Amino acid sequence: MTLTIATTPFADQKPGTSGLRKKVRIFQQPNYTENFVQSVFDVLDGFAGQTLVLGGDGRYLNREVIQITIRMAAANGFGRVLVGLGGILSTPAASHVIRKYQAFGGLILSASHNPGGPDEDFGIKYNIANGGPAPEKITDAIYARSTQIDRYHIVEAPDVDLDRLGETQVADMVVEVIDPVADYAELMEDLFDFDAIRALIAGGFRLSFDAMHAVTGPYAHEILERRLGAPGGTVVNGAPLPDFGGHHPDPNMVHAHELFARMFGADAPDFGAASDGDGDRNLILGRAIFVTPSDSLAALAANAHLAPAYARGLKGIARSMPTSGAADQVAHALGLPLHETPTGWKFFGNLLDAGMATICGEESAGTGSDHVREKDGLWAVLLWLNILAVRRESVAAIMADHWARFGRNYYARHDYEGLDSAAAETLMAELRVAMSALPGRVASGLAVESADEFEYSDPVDGSLSRGQGLRLRFEGGARIVFRLSGTGTSGATLRVYLERYERTDGILDADTAEALGALVAAADELAGITRHTGRAAPTVIT
Ligand code: G1P
Ligand code: ZN
């Protein structure tokens, strides 16, 4: 039986950089989850009888929200729901399933790299038929609807058994529990030369993949160990846990420190990698070398032709604005278009659909291609392995060669987490006002050349996105970008992105912290970070 339940709006259901993210306890308030899901359905048109894909990263609350969403999808008239076994689908796998089965769209339950558990984070994101995150036009409409909503629809039905593959009828709708790994693993076999990677591994190449107790464990076991023949134990922390073992499933040097220690220790493997809570981010390490995500994007773009899927070259490269210009050097050298978008994967969708870009990336450990419409952690790992299998050189040698060919963009991001929101807003507001007077000013020996606030006009649909980060450029090509995070769930996070380009005839093997030292001082001098926040140092450097 379909019930229509009266409800009242919540004021805080505005999706951020990547869907609605809140503390679990916020989602557990009566009607909170239902209101948001109904707001999504209310702004969509034409889904009667169509398929909805549903899955999450397995974090605390995943199963409960899946059951609610199934009952609401049935009440709202969807014909079919495809849900991953155990309620699990990695974000890139969900994107692929949406595309492969021509679903109307999908709901992905994840707070990505944020911690999980009863006192931690949860999230819901809507993806459209191309498999990608809903564009701002839709997320704005969802938010507007959430402020007006007065009822939701739900059927009365028992819980679906999520741990058994196959079909169940829920009112007039069919729910099919699918293998979350199979379709995705098959796609990866289509893109890459698995024989070459198998031969590399069989020849003694050693790798270590840290799944961080998050969603990629089952995918990595299947692909790296079973299909590519890496020995058992290659995948560590491979069992997904609702609280990620109490850690942040964030693949960076702070939270993946065990992997860093292994890769910089004695007898290190040849290659190390990790992925995040929902499987869309990647961390790449070689023996005693960390490849920054911006450099990884550039190196992957420069070498992609070595993998079967990209053998005919790329149509273009896209990167988010705060990502370093390393990819620009590659695009320039290869004669490819380079697109600069705001932060967030949703801005790449149009470029990929229009065939204007093949490879995209963000400095926040996100890389991907036109094979799906999300960033894809294991895809980046497999492309690296494919390149290593063909070139038969170490990661360090490949990067040294890359910098010798394209120059090096020294790069770091400094995050100041858990700031007082008002103080963070004031810092940004003051800097915005001060910017017009900055050109010509010298800070820490660096002369400001230009200062502006990034805005993006989408070349495909013409939509304009304002307020996407404050940029300061310095003579000689260095850059600092300031923006506030749109994914946090408490207080504010200030992100300061620092970058300096060194030409091919410059010093290419300097220590990053030293190379960026003057910029770090200039950032504080020009924006008053310590003055506004009381912090003498960032919380995390990536
Ligand atoms: C962060 C990253 C951004 C990424 C997003 C979702 O967003 O900076 O690149 O797309 O997470 O994974 P932010 O918190 O900066 O808004
Ligand atoms: Zn993620």
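The present account deals with the structure reproduced in this document. (Residues numbered from 1 in each chain as written. Chains lettered and ligands numbered in written order. Predicted model: local features only at pLDDT ≥ 70, side-chain atom pairs only at ≥ 80, totals over all residues. Heavy atoms only, no water.)

Examining the coordination of the zinc ion (ligand 2)
Taken together, the protein donors to the zinc ion (ligand 2) comprise S112 (OG), D276 (OD), D278 (OD) and D280 (OD), at separations of 2.0 to 2.1 Å. Along the chain, the residues donating to the zinc ion (ligand 2) are arranged with the sequence spacing S-x163-D-x1-D-x1-D. Of this pair, S112 sits in the loop between β5 (105-109) and β6 (121-127) while D276 sits in the loop between β12 (271-275) and β13 (282-286), and the two are 164 residues apart along the sequence. With respect to class, S112 is no different from D276; both count as buried. (Donors = N, O, S within 2.8 Å, 3.2 Å for Na, K, Ca; no water. Helix = DSSP H or I, 4+ residues; strand = E, 2+ residues; numbered from the N terminus. Buried < 20%, exposed > 50% of the residue type's maximum accessible area, 1.4 Å probe, protein only.)

Notes on the nonpolar core
Of all hydrophobic cores here, the largest spans 75 residues; its most connected members are M188, F192, F271, W379, W384 and L385. Broken down by element, this core gets its largest block of residues, 11 residues, from helix α13 (residues 377-391). In this view, M188 contacts F194, I223, H371, D376, W379 and L382; residues no more than four positions away in its chain are not counted. F27, V37, A74 and L162 belong to the second largest nonpolar core, which has 43 residues in total. (Core = buried A, V, L, I, M, F, W, Y, C linked by side-chain atoms within 4.5 Å. Contact = heavy atoms within 4.5 Å.)

Structural notes on the pairing of strand β9 (residues 173-178)
Summarising burial for β9: 5 of the 6 residues are buried, a large majority. One ladder, built from 5 bridges, connects strand β4 (residues 80-88) with β9; its direction is parallel. Pairing of V81 across the sheet is with V175, part of β9. Sheet topology places strand β8 (residues 166-170) next to β9; 5 bridges connect them, and they run antiparallel. Residue pairing in the sheet places E167 in a bridge with E176 of β9. What sits between β8 and β9 in their antiparallel hairpin is a turn of 2 residues, with A171 showing a positive phi close to 50 degrees. (Pairing = 2+ DSSP bridges.)

Structural notes on the packing of aromatic side chains
Tallied over the entire structure, the rule returns 14 aromatic pairs. On the numbers, 6.4 Å between centres and 70 degrees between planes, the contact of F78 with F104 is edge-to-face. Residue F78 is located in the loop between α3 (62-76) and β4, and its partner F104 is located in the loop between α4 (91-100) and β5; the two are separated by 26 residues in the primary sequence. Like F78, the residue F104 is buried in the burial classification. A centroid spacing of 6.2 Å and a plane angle of 90 degrees characterise the contact between Y310 and W379, whose relative ring orientation is edge-to-face. Of this pair, Y310 sits in the loop between α10 (293-303) and β15 (317-320) while W379 is found in helix α13, placing the two residues 69 residues apart along the sequence. (Phe/Tyr/Trp six-rings, centres within 6.5 Å; stacked < 30°, edge-to-face > 60°.)

Some details on the site of ligand 1
Neighbouring ligand 1 are 15 residues; T17, S364, S485, T487 and R495 lie closest to it. Interatomic distance of 3.0 Å between a side-chain N/O atom of R281 and an oxygen atom of ligand 1. The backbone of G486 places a nitrogen or oxygen atom 2.6 Å from an oxygen atom of ligand 1. About the coverage of ligand 1: the protein hides 99% of its 380 Å² of free accessible area. The residue makeup of the shell around ligand 1, split by class, is no nonpolar, 8 polar and 7 charged. (Near = heavy atom within 4 Å. Polar contact = N/O pair within 3.5 Å; in protein donor to acceptor, adjacent residues only side chain to side chain. Areas by Shrake-Rupley, 256 points an atom, 1.4 Å probe, with all protein chains shown as cover. Nonpolar A, V, L, I, M, F, W, Y, C, P; charged D, E, K, R; others polar.)

Details of α4
Of all 10 residues making up α4, 8 are buried, and the element is well covered by its neighbours. Taken together, the buried positions of α4 are occupied by T91, P92, A93, A94, S95, H96, V97 and I98. The backbone nitrogen of A93 has a side-chain oxygen 3.0 Å away, supplied by the residue at the start of α4, namely S90. Phi turns positive one or two residues past the end of α4, at Q102, with a value near 45 degrees.

A few points about unusual backbone geometry
Look at L61: it is not a glycine, yet its phi comes out positive at around 90 degrees. By the secondary structure assignment, L61 is in the loop between β3 (51-56) and α3. The phi dihedral of S112 is positive, around 55 degrees, even though this residue is not glycine.

Some points on the side chain of T139
The topology assignment puts T139 in helix α5 (residues 136-146). Among the residues examined, T139 registers a relative accessible area of 14% and is labelled buried. If we ignore the near neighbours within four places in the chain, the residues touching T139 are P15 and A134.

With respect to the pattern of salt bridges
Across all of its chains, the model carries 40 salt bridges by this definition. Across the salt bridge formed by E120 and K23, the nearest N and O atoms sit 3.9 Å from each other. Taken together, the residues E120 in the loop between β5 and β6 and K23 in strand β2 (residues 20-23) connect sequence positions 97 residues apart. Relative accessible area serves as the criterion here: at 25%, K23 is assigned to the partly exposed category. Shared partners join several salt bridges into a network, and the residues in it are R319, D328, E340, D452, R471, R479 and E499. (Salt bridge = Lys/Arg side-chain N within 4 Å of Asp/Glu carboxyl O.)

Quick look at the sheet that holds strand β16 (residues 338-341)
With mixed pairing, 4 strands are arranged side by side in an open sheet as β16-β15-β17-β18. Here the strands that pair on one side only, and so sit at the sheet edges, are β16 and β18 (366-369). Neighbour-to-neighbour, the strand axes of this sheet turn through a mean angle of 15 degrees, independent of strand direction. In this sheet, β18 lies alongside strand β17 (residues 359-362) in antiparallel orientation, the contact comprising 4 bridges. When the sheet's bridge partners are listed, I359 is paired in β18 with S369. (Axes fitted to C-alpha atoms, helices over the stretch in contact; angles between N-to-C directions.)

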